[in-house]
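Topology and contacts: notes
The primary structure of each chain is shown beneath.
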4 protein chains.
Amino acid sequence: MGPASKRKRKVVRREQILEAAVRVFARRGFGNATVAEIAEEADVAAGTIYNYFESKEELFMSIPQLISEPMLATFLKDAFEGNEPTDITGEERLLARSCAKAIETLLQNLDLVKSILASVVTLDDETRAEYFRQPLQALTIMERYFRDRIERGIFREMNTAIVAQAYAVLVIMFVLIQELIRTADVAPLAYEEISQELTKLLLYGIEKR
Amino acid sequence: MGPASKRKRKVVRREQILEAAVRVFARRGFGNATVAEIAEEADVAAGTIYNYFESKEELFMSIPQLISEPMLATFLKDAFEGNEPTDITGEERLLARSCAKAIETLLQNLDLVKSILASVVTLDDETRAEYFRQPLQALTIMERYFRDRIERGIFREMNTAIVAQAYAVLVIMFVLIQELIRTADVAPLAYEEISQELTKLLLYGIEKR
Amino acid sequence: MGPASKRKRKVVRREQILEAAVRVFARRGFGNATVAEIAEEADVAAGTIYNYFESKEELFMSIPQLISEPMLATFLKDAFEGNEPTDITGEERLLARSCAKAIETLLQNLDLVKSILASVVTLDDETRAEYFRQPLQALTIMERYFRDRIERGIFREMNTAIVAQAYAVLVIMFVLIQELIRTADVAPLAYEEISQELTKLLLYGIEKR
Amino acid sequence: MGPASKRKRKVVRREQILEAAVRVFARRGFGNATVAEIAEEADVAAGTIYNYFESKEELFMSIPQLISEPMLATFLKDAFEGNEPTDITGEERLLARSCAKAIETLLQNLDLVKSILASVVTLDDETRAEYFRQPLQALTIMERYFRDRIERGIFREMNTAIVAQAYAVLVIMFVLIQELIRTADVAPLAYEEISQELTKLLLYGIEKR
DNA sequence: TATGAATGAGACTTCATTCAT
DNA sequence: AATGAATGAAGTCTCATTCAT
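Being a predicted model, the structure only gives us computed values, none of them experimental.

Okay, the relation of the copies chain D and chain C next. Comparison of the two chain copies shows a relationship of rotation about an axis with a shift along it. Least-squares fitting of chain D to chain C yields an RMSD of 0.3 Å, with the superposition described by an axial translation of 0.0 Å and a rotation of 179°. The operation mapping one copy onto its partner corresponds to a two-fold rotation axis. When the interface residues of chain D are mapped onto chain C, 98% of them again fall at the interface, so both copies present the same face.

So, in structure tokens, the structure goes:
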């Protein structure tokens, strides 16, 4: 096996461990997760993890690398850029479609989201900033979309920072709440309906016209 | 000292420990918090805690008791019940005022909210249900308010479950994000502005009329 | 049990652990000694050690505290100060007696000496300086004795720093070599003879007169 | 490449590893030294070491092989044998020159001496005997020299075993102390001066004549 | 023969819990 | 009822050794 192949295998092994770590941190949170459990999930010996990461801490800190900038940017660009501006009904369709796609992505990466949520409170400020650097930058793409539509007279004047954050928060939290807090009393809502309702809420509010 | 006074002192000491636990769990999360740290925060010896709680686990499970039903119900009744229905501008004032008051309450109980957030992912389903029983019931009071206004023709027809949850989520998460994720790049928003923007968003949406 | 008695017991327990540590470090050296072995030697649980010392390292660093300054100073003062100067035969008796007493003390504290020897090479410079601060200061008392006898015309002019160190080194190393390097081929020497020979060597050298 | 050349390369590689091991054991002691560090110092991979030595233990046990018998014997023969006996001043010159040369050799092999010192306490009796077999035999050459000079009436009657050991110990320990225990307070002595003082001490003692 | 990734036993250390005082 | 020293299970991490390449 040549050195190129070796290097490749190292990268693969590293990802294998990192992805196992995400699943375990999602189940347990950082403090409750054990290296032994991560090792078992990754199907390697405990010691092997330390050939790829300095410590459990560093392993945890490497998770944001999985939120690859291109992935996020691509998603948002697809959703919000290069779309021909149209009338309000067209925008509603666009937003609802993006929302549905975002929900789909969230469900696929639920462990990642959960592992972040499980630990966000206990992170020190610096690490937290590192964790949220990319997602927060991504919001600016949404803001640009909103600003564009304001300029074209489709949306009203507003604080785009607040609105972009509000829309993102709503989508993420609805998925999390649905997936996490399932009580016998509360019937789960269909994601289809959630997409449409949230989008309508964003566009038209609740006032009767 | 009579037996009544003794019992009272026991209750007081128990709450003293529980509140200290909330602060520590908020800082560290369940897994990272130590009984020694909770003891120091409560100004008792570590052993004393075990005179009031079976284990660290039980101590943690007792936290929802602090979300007293009356407190939550009172707040929501004050905010959403017994208000004379009025025109849309009146409702805007009402909602903005409720929102501001909710933010105030959240800030006062930030440790409690943080300690719940820190642990929600790692709780088993049963405990999680226990944690969220009261807050979820509280949502029904909001729903009743929305339904009333729909019937009176002030708000449009909508899925009140989704809208009530959305409004609650928005308020809670904006406070948490502000308090937790402070990066040097992002200037903090004034809560005053947030209340107004969120309320306007809820009522009127972002469509230009 | 009052708090005074408690404090006393803490001091006793601390010494119990420290003395066990000396024995184990003497057998194994710092790197090979295990906390578990020290705990067993001290007849406490492994965890208990950490109620008295921050780490294995700090435990090791606390050993010089056992070489109490007074003990060393007292020994040397008894041996070398307040002695009426006399003729060379009187000095020979004095030195031989001191030498014998030093050997006795060394044999009683052999573990301490061995534990220092076992680790001296691997210590960082700062720790090493800390370890040797007291013994090196003690040499100055011997130097004073030599200088006094030079002034009185009993000893010849010489570099007292070198001679004091030489005498101390000889005594310590003869004991260590005897106790450590016992091969079948080499018959052990009597300490009595060593004392006398080393003292004669120091005083008269090996030249035939 | 012929088999002879192959065998030679094996020997060379083995020594390369052994010498690296000496340096690392001198720095860290046996317990703290790691095979990885030795491998890096020897510029080979960790696995390679196991093609030449059974274990870290065996590697350590092979160190005495570096104290080649011829080397030691040659040095001592040059110094102490075949010298024309002369008067006491001539012997002083001879001893001072030997002492200076011994110091030079010690400084050149300081790592070896340190690695032995670092481990002497923790060795089991058998290995220790193996370590010291050659050096102890070397002492007999010195003893022969002393005995010769006694017979010729230049040195006084004495226990040559003790005196030979004393002289060797003094020289070795002065070098080690100088190289190991450097505190800011103590100015280092010139080796020139040490050679002369130790030799004079050996020959004439400290008595004023 | 050389490599270095994988292994897992065993080290240091923490901390929930107990219990004598 | 309160204390806090003692405990030891369990966690993180290291590193000698093996073995497929």
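Turning to the interface of chain D and chain C, a few remarks are in order. A common way to state how big an interface is: give the accessible area lost once the parts meet. At the junction of the two partners, chain D supplies 52 residues and chain C supplies 52 residues. Of the roughly 4900 Å² buried where chain D meets chain C, counting both sides, 69% is carbon and sulfur surface. Interface area lost by chain D to chain C is led by Val121(D), Arg156(D) and Ile206(D), which between them contribute 16%. Our count for the chain D to chain C interface comes out at two salt bridges. One salt bridge in this structure joins Glu207(D) and Arg209(C), with 2.8 Å as the shortest N-O distance. Counting every contact that joins chain D to chain C gives 18 residue pairs in polar contact (both at pLDDT 80 or more). The set of elements that each furnish at least two residues to the side of chain D that touches chain C consists of helix 1 (3–32), helix 7 (110–120), helix 8 (125–151), helix 9 (160–180) and helix 10 (191–204) of chain D. When its residues are assigned to classes, the side of chain D that touches chain C shows 32 nonpolar, nine polar and eleven charged.

With that settled, consider the interface of chain A and chain B. Chain A puts 51 residues into the contact, and the matching count from chain B is 52 residues. Taken together, both faces of the contact between chain A and chain B bury some 5000 Å²; the carbon and sulfur share is 69%. The largest per-residue losses of area from chain A upon contact with chain B belong to Val121(A), Arg156(A) and Ile206(A), which jointly make up 16% of the total buried on that side. One can count two salt bridges joining chain A with chain B. Counting every contact that joins chain A to chain B gives 18 residue pairs in polar contact (both at pLDDT 80 or more). For the side of chain A that touches chain B, the secondary-structure elements that each account for two or more residues are helix 1 (3–32), helix 7 (110–119), helix 8 (125–151), helix 9 (160–180) and helix 10 (191–204) of chain A. The element contributing the most residues to the side of chain A that touches chain B is helix 9 of chain A, with ten residues. Split by residue class, the side of chain A that touches chain B holds 31 nonpolar, nine polar and eleven charged.

For any two helices packed against each other, one specifies the crossing angle of their axes together with the interaxial distance. Where helix 9 of chain A contacts helix 9 (residues 160–180) of chain B, the axes come no closer than 9 Å and their chain directions differ by 115°. When the axes of helix 9 of chain A and helix 9 of chain B are compared, the pair comes out roughly perpendicular. The crossing of helix 9 of chain A and helix 9 of chain B is right-handed. Residues Ile162(A), Gln165(A), Ala166(A), Val169(A), Leu170(A), Met173(A), Phe174(A) and Ile177(A) of helix 9 of chain A touch helix 9 of chain B, and the partners they reach there are Ile162(B), Gln165(B), Ala166(B), Val169(B), Leu170(B), Met173(B), Phe174(B) and Ile177(B). In terms of residue class, the contact of helix 9 of chain A with helix 9 of chain B is made up of 14 nonpolar, two polar and no charged.

Position of Arg128(B) among the secondary structure elements: in helix 8 (residues 125–151). Each C-alpha atom of the pair Arg128(B) and Glu143(B) lies 22 Å from the other, and the pair is 15 residues apart in sequence. Leave out the neighbours within four places in its chain, and Arg128(B) touches Leu180(A), Val120(B), Val121(B) and Leu123(B). A polar side-chain atom of Arg128(B) sits 3.3 Å from the main-chain carbonyl oxygen of Leu123(B).

With that settled, consider the relation of the copies chain A and chain B. Here chain A sits on chain B after a turn of 179° about the axis and a move of 0.1 Å along it, with an RMSD of 0.3 Å. Same-surface contact between copies: 100% of interface residues of chain A are shared with the interface of chain B.

Here we take up the packing of helix 9 (residues 160–180) of chain C against helix 10 (residues 191–204) of chain C. Residues and elements named next belong to chain C. At their nearest, the axes of helix 9 and helix 10 sit 11 Å apart, and the two run at 155° to each other. The pairing of helix 9 with helix 10 is recorded here as roughly antiparallel in orientation. Relative to helix 10, the crossing made by helix 9 is right-handed. Contact with helix 9, carried on its side by Val163, Tyr167, Leu170, Val171, Phe174, Val175, Gln178 and Glu179, involves Tyr191, Ile194, Leu198, Thr199 and Leu202 of helix 10 and no other residues of that element.

What counts and what doesn't
- Residues numbered from 1 in each chain as written.
- Chains lettered and ligands numbered in written order.
- Predicted model: local features only at pLDDT ≥ 70, side-chain atom pairs only at ≥ 80, totals over all residues.
- Heavy atoms only, no water.
- Least-squares fit on C-alpha atoms with pLDDT ≥ 70 in both.
- Contact = heavy atoms within 4.5 Å.
- Buried area = accessible area lost by both parts, 1.4 Å probe.
- Salt bridge = Lys/Arg side-chain N within 4 Å of Asp/Glu carboxyl O.
- Polar contact = N/O pair within 3.5 Å; in protein donor to acceptor, adjacent residues only side chain to side chain.
- Helix = DSSP H or I, 4+ residues; strand = E, 2+ residues; numbered from the N terminus.
- Nonpolar A, V, L, I, M, F, W, Y, C, P; charged D, E, K, R; others polar.
- Axes fitted to C-alpha atoms, helices over the stretch in contact; angles between N-to-C directions.
- Parallel < 35°, antiparallel > 145°, perpendicular 65-115°, else oblique.
- Left-handed = near helix turned anticlockwise from the far one by under 90°.

Just geometry here; none of it tells us what the structure is for.
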